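Architecture at a glance
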Amino acid sequence: MTQKKTVEDRLWFSGNEAIALGAHEAGVKVASGYPGTPSTEILENLTRYDDVYTEWAPNEKVALEVVIGASFAGVRAMATMKHVGLNVAADPLFTASYTGGRGGLVVIVADDPTMHSSQNEQDSRNYAFSAKLPMLEPSDPAEAKEFLHLAFAVSEQFDTPVLLRTCTRIAHVKGVVRPEPARTLPAAEPGIEKMPAKFVMLPANARQRRVVIGERQRQLARFAEQFEENRVEWGDKQKGFITSGVSYLYVKEAFPEASVLKLGMVQPLPEKMIRDFARQVETLYVVEELDPFIELQIKAMGISCHGKDLIPAIGELNVALVRQAISNEPGRVEFEPVPVMPRPPNMCAGCPHRGLFYCLSRMGVFVSGDIGCYTLGFLPPLSAMDSCVCMGASIGVAHGMAKALGADGQGKVVAVIGDSTFIHSGITGLINMVYNKDFGTVVILDNRITAMTGHQPNPASGATLMGEPANAIDFEQLCRAVGVKHVQTVNPHDLKATRAALKEEIERPEVSVVITRAPCVLIPAEKKRKKYPYGTIIAKCTGCGVCIRLGCPAIQWTPLTPAEAKERGYKEKQKGFSQISEEVCNGCGQCVALCKFEAIAREEN
Amino acid sequence: MDTSGNILFCGVGGQGILLASEITAHVLLATGLDVKKSEVHGMAQRGGSVEAHLRFGKKVYSPLIEPGTVDILVAFEQLEAVRYLPYLHKKSRVIVNTQKILPPAVATGKLAYPGDSLAQLEQRGLAVVPVDGFALAKEAGEIRAANVVLVGAMSVFMPVAEQEFVKVIEKRVPPRFREANMKAFQKGRRAGGK
């Protein structure tokens, strides 16, 4: 229990913590997911309640399949993922719409408008429409918890998976949430019940179920008219807003006097309710983030409204934006922005990925990249990543390039992929490479953890989400088993060995794998390990700048004027010198190997 | 700033911005007000710009602060204070940690660190409170308590009694760091003008 966060009867919870609490209160028995910002903390918080089984799955498709199975066995089950993860899970999602389940089945999907940490922007409401599934959309943490209860009730009442959509401004917003006693459910006992006509989706059965879904959609549409979280807040009838999710909060703040139809269920829509509301207000506005999902359906009803003609379809909304779009009032900005140099994220001091990317950056190859911390290898000064599409795509992209280039591509394309991403959906790409006779090289950056999302264990880590020891995948054996004959493992902090291994494998006219293995510096065991930081012997530094090219946050360049250089005893033409911050340095030693002048050293202990 | 207001915390990943905003949120929650806080995770944890929006009042809708409406800006780094200028209004209070953390372009020698961040704010008539958080935290015996120094300086300008902050810090800081953090908070109060 997370009771230490209690403020009397009020909890100070993020949307993700609130959803975890809601799942606990609703009696969820099995929950699976794959980490993805901003959805990650739901499972991490749910695992604190000991009455629920939680796990990280290799990818979102598997996670959804697991919870479909749990629902078939009669318990309430839940899967969590971000919007791009729902793409991966789309296949089972569309068929789960046909099967339904026995225990309630809820899929949480967290969208990321503005792409704070995502490779694309997409509106998951379209999936609900397309898969013919109901979707609920809360506005803040308190509603997120409440809506989870409603989602399970709808799921069981209509025998359907239910999608619950959040976004960054719900998942990572903290607000006041009121806890309730956990509810006991009659359906919470697992058991086997054979229902082949419902669970076996071969064509003859699926055709029957397709008709059932049609009827379910009609019932859900009627239910939407009565659903307590679709509600009208009457005010001044000059302006009427139809809105949902976090957009509702922006509308309420920008236009506190106006009438608002707040939709807690965005699919299907309550048509009668919308018509009644539209009839009674002078001007109708639809305020929604991203796609004109509600707007298009309202227009299809023959009702005219303002929507994306005024409200941007790109990125997050906010109060100022909504106010300005609707009323044309200028914002309240009193100070114009001034140009400030960007401060992009960076790989940590001592990050093992830096060594690999340094080597790759000097080899002139096309680096087909993937999703994880190592995507930061794209940034200067390393600038060592040339493409990045989606989780697991690096290997397929490299293969496609190799096939397109033919013999000319030999030795020029390399795929890089992290351990967790390789397991997520990279392994199938590698199998394809072997099967279809590629000559490329895949580098698996194995730091034994899913680092980018906050250090979740994965099948290579040797631990489960619930903290139990587990098998840690042997990548060398795995790669050999799929048919890769040449597998080398190196320590990426050892630049010389890494360069040698890369050179040898890239030149080889056969599929090969280089595993760069060293632990992430942020995992607890590494943080606890005593560090022996390096320092610069200033007198020996010639200002050649090679160490700066690593882009390590511990190494800083101090520029010198000719007079300052002279004063410090350097040659007058020396432009500056490097210094290592002992507080930041993690002692990985990559820079030591680069310094020809032996100006980097540490006191040995 | 009365019983409602907006506080924006900004700085660089790893500076303790989220803890500072948590402490402040808990102080406000204890007064019985509605409070909302919004933060962005993900890439920002790797040394990038970090911001936390904190809003309080009888009823808070939007979790995001509107530009032009920040009552107190708590900037953990000089340059970052300037980045959030459009969020301020003429009466905003700006608490600035004078510490400089070099952005990558500066650390690699491509650009120079701008030298006039505080002056840029003062030139616009803003009430700037510079705080050497790092030095004061060191004096208090815990260099990692610079965030609590800044909370101390900020607390001077909030409609909440000092004692409320003391209670929350005592509760949220591990026992072995408690004394240093209390000292850090008091040093912050003095830097804020108390």
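Structure report, in brief. Worth saying up front: this structure is predicted, and the values here are computed from it rather than measured. (Residues numbered from 1 in each chain as written. Chains lettered and ligands numbered in written order. Predicted model: local features only at pLDDT ≥ 70, side-chain atom pairs only at ≥ 80, totals over all residues. Heavy atoms only, no water.)

Quick notes on the sheet that holds strand S12 (residues 258-263) of chain A
All names here are of chain A. Strand order in the open sheet made by the four strands is S10-S12-S11-S14, with mixed pairing throughout. Among the strands making up the open sheet, the edge pair consists of strand S10 (230-233) and strand S14 (283-287). Strand-to-strand, the axes of this sheet are offset by a mean angle of 15 degrees, without reference to chain direction. Relative to S14, strand S11 (residues 236-244) runs parallel, the two sharing five bridges. By the bridge assignment, Lys 239 is partnered in S14 with Thr 283. This element, helix H11 (residues 245-254), spans S10, S11, S12 and S14 of the sheet and lies at about 155 degrees to S11. (Pairing = 2+ DSSP bridges. Helix = DSSP H or I, 4+ residues; strand = E, 2+ residues; numbered from the N terminus. Axes fitted to C-alpha atoms, helices over the stretch in contact; angles between N-to-C directions. Contact = heavy atoms within 4.5 Å.)

Here we look at the environment of A:Tyr53
Residue and element names in this part refer to chain A. Take Tyr 53: it is sitting in strand S4 (residues 53-56). Exposure remark for Tyr 53: the relative accessible area of 40% places this residue in the partly exposed category. When the C-alpha atoms of Tyr 53 and Ala 565 are compared, they prove to be 64 Å apart, with 512 residues separating the residues in sequence. Beyond its immediate sequence surroundings of up to four residues, Tyr 53 is in contact with Lys 29, Val 30, Ala 31 and Met 466. Within the structure, Tyr 53 has its side chain in polar contact with the side chain of Glu 55 (distance 2.7 Å). (Buried < 20%, exposed > 50% of the residue type's maximum accessible area, 1.4 Å probe, protein only. Polar contact = N/O pair within 3.5 Å; in protein donor to acceptor, adjacent residues only side chain to side chain.)

So, the side chain of B:Glu142
Residues and elements named next belong to chain B. Mapped onto the elements, Glu 142 comes out in the loop between helix H5 (133-140) and helix H6 (146-155). Residue Glu 142 is classed as buried on the basis of its relative accessible area, which comes to 13%. Once residues lying within four places of it in the same chain are set aside, the contact partners of Glu 142 are Ala 137, Phe 177 and Ala 180.

Comments concerning the packing of aromatic side chains
All names here are of chain A. Under the definition given, this model contains 13 aromatic pairs over all chains. Measuring from centroid to centroid gives 3.8 Å for Phe 72 and Phe 199, while their planes differ by 20 degrees, and the two rings are stacked. Taken together, the residues span a long stretch of sequence, with Phe 72 in helix H3 (residues 60-72) and Phe 199 in helix H9 (residues 196-199) at a distance of 127 residues. Taken together, a centroid distance of 6.3 Å and an interplanar angle of 80 degrees make the contact between Phe 94 and Tyr 127 edge-to-face. You can see Phe 94 sitting in helix H5 (residues 90-99) and its partner Tyr 127 sitting in helix H6 (residues 125-131), a full 33 residues away along the chain. Connected via pairs of aromatic rings, a cluster forms that spans Phe 158, Phe 223 and Phe 227. One Lys or Arg, Lys 237, reaches over the ring of Trp 234 and ends 4.5 Å from the middle of that ring. Geometry around Tyr 248 places Lys 262 over its ring, the cationic atom sitting 5.1 Å from the centre. (Phe/Tyr/Trp six-rings, centres within 6.5 Å; stacked < 30°, edge-to-face > 60°. Lys NZ or Arg CZ within 6 Å of the ring centre and 35° of its normal.)

Some thoughts on the packing of helix H7 (residues 162-172) of chain B against helix H8 (residues 175-191) of chain B
Residues and elements named next belong to chain B. The contact between H7 and H8 brings their axes to 10 Å, and the two run at 155 degrees. The orientation of H7 relative to H8 falls into the category roughly antiparallel. For the element pair H7 and H8, the recorded crossing hand is right-handed. Judged by residue contacts, Glu 162, Phe 165, Val 166, Ile 169 and Glu 170 of H7 engage Arg 178, Asn 181, Met 182, Phe 185, Gln 186 and Arg 189 from H8. Its residues assigned to classes, the contact of H7 with H8 comprises five nonpolar, two polar and four charged. (Parallel < 35°, antiparallel > 145°, perpendicular 65-115°, else oblique. Left-handed = near helix turned anticlockwise from the far one by under 90°. Nonpolar A, V, L, I, M, F, W, Y, C, P; charged D, E, K, R; others polar.)

What to know about helix H14 (residues 319-327) of chain A
All names here are of chain A. Every buried residue of H14 is accounted for by Val 319, Ala 320, Val 322, Arg 323, Ala 325 and Ile 326. Those residues of H14 that are buried lie in contact with S11, H11 and S14. Regarding H14, its N-cap is Asn 318, as a side-chain oxygen of that residue lies 3.2 Å from the backbone nitrogen of Ala 320 further along. Of the residues one or two after H14, Asn 328 is the one with positive phi, at around 65 degrees.

Points about the environment of A:Asp9
Residues and elements named next belong to chain A. Relative to the elements of secondary structure, Asp 9 occurs in the loop between strand S1 (6-7) and strand S2 (10-14). For the pair Asp 9 and Pro 179, spaced 170 residues apart in sequence, the C-alpha separation works out to 7.2 Å. When residues no more than four places from it in sequence are discounted, the contact partners of Asp 9 are Val 177, Arg 178 and Pro 179. Polar side-chain contacts of Asp 9 include one of 3.3 Å to the side chain of Arg 178.

A short note on the interface of chain A and chain B
Buried accessible area, meaning the area lost when the parts come together, often serves as the stated size of an interface. Between chain A and chain B, the contact holds 52 residues from the first and 56 residues from the second. Contact between chain A and chain B buries roughly 4,800 Å² in total, counting both sides, with carbon and sulfur atoms accounting for 62%. Of all residues in chain A, A:Phe335, A:Met341 and A:Arg343 bury the most surface against chain B, accounting for 20% of the area lost on that side. Linking chain A with chain B are seven salt bridges, by the criterion used here. Residue B:Lys36 is joined to A:Asp140 by a salt bridge in which the shortest nitrogen-to-oxygen separation is 3.4 Å. Inspection of the region where chain A meets chain B yields 18 residue pairs in polar contact (both at pLDDT 80 or more). With six residues, the top contributor of residues to the side of chain A that touches chain B is H11(A). Alignment of strand S9 (residues 173-177) of chain A against strand S2 (residues 34-39) of chain B, held across two bridges, turns out to be antiparallel. Bridge assignment links A:Val173 to a residue of S2(B), and that residue is B:Ser38. (Buried area = accessible area lost by both parts, 1.4 Å probe. Salt bridge = Lys/Arg side-chain N within 4 Å of Asp/Glu carboxyl O.)

Remarks on the layout of surface pockets
What the second largest pocket holds in volume is close to 720 Å³. Together, 32 residues line the second largest pocket, and A:His116, A:Arg169, B:Val40, B:Glu51 and B:Tyr84 are the ones closest to its centre. Taken together, the elements giving at least two residues each to the lining of the second largest pocket come down to H14 of chain A together with strand S3 (49-57) of chain B. Of the residues forming the lining of the second largest pocket, the biggest block, four residues, is contributed by S3(B). The residue inventory of the lining of the second largest pocket, partitioned by class, reads 16 nonpolar, nine polar and seven charged. (1 Å grid on protein atoms, 1.4 Å probe; cavity = no way out; pocket = protein on both sides within 12 Å on 5 of 7 lines; lining within 4 Å. Points joined across faces, edges and corners; volume = space filled by probe spheres on them.)

Side note on the nonpolar core
Residue and element names in this part refer to chain A. Ranked by internal contacts, the top residues of the largest apolar core, which has 67 residues, are Phe 357, Val 416 and Leu 430. The residues touching Leu 430, leaving out its near neighbours within four places in the chain, are Ile 395, Phe 422, Val 442, Cys 479, Val 482, Val 484, Val 511 and Val 513. Counting 58 residues, the second largest nonpolar core, distinct from the first, contains Phe 13, Leu 46, Tyr 49 and Phe 255. (Core = buried A, V, L, I, M, F, W, Y, C linked by side-chain atoms within 4.5 Å.)

Brief notes about the state of the cysteines
All names here are of chain A. Under the criterion given, the structure shown has zero disulfides over all chains. Cysteine Cys 359 shares no disulfide, and the gap to the nearest cysteine sulfur, in Cys 588, comes to 12 Å. Since its relative accessible area comes to 1%, Cys 359 is described here as buried. (Disulfide = S-S within 2.5 Å.)

A look at the sheet that holds S4(A)
All names here are of chain A. Taken in spatial order, the seven strands of this open sheet run S4-S3-S5-S6-S8-S7-S13, and their pairing is mixed. Two strands close off the open sheet at either side, each with one partner strand: S4 and strand S13 (265-267). Pairing geometry for strand S3 (residues 30-33) and strand S5 (residues 77-82), over four bridges, is parallel. The residue bridging Ser 32 from the neighbouring strand is Ala 79, located in S5.

So, the pattern of salt bridges
Two side chains of opposite charge can pair, provided their charged atoms sit close to one another. All told, the structure shown has 46 salt bridges over all chains when counted by the stated rule. With its nearest N and O atoms 3.3 Å apart, the salt bridge here joins A:Arg231 to A:Glu229. Of the residues examined, A:Arg231 reaches a relative accessible area of 26% and is grouped as partly exposed. With its nearest N and O atoms 3.7 Å apart, the salt bridge here joins B:Glu179 to B:Lys183. Of this pair, B:Glu179 and B:Lys183 both sit in helix H8, four residues apart, roughly one helical turn.

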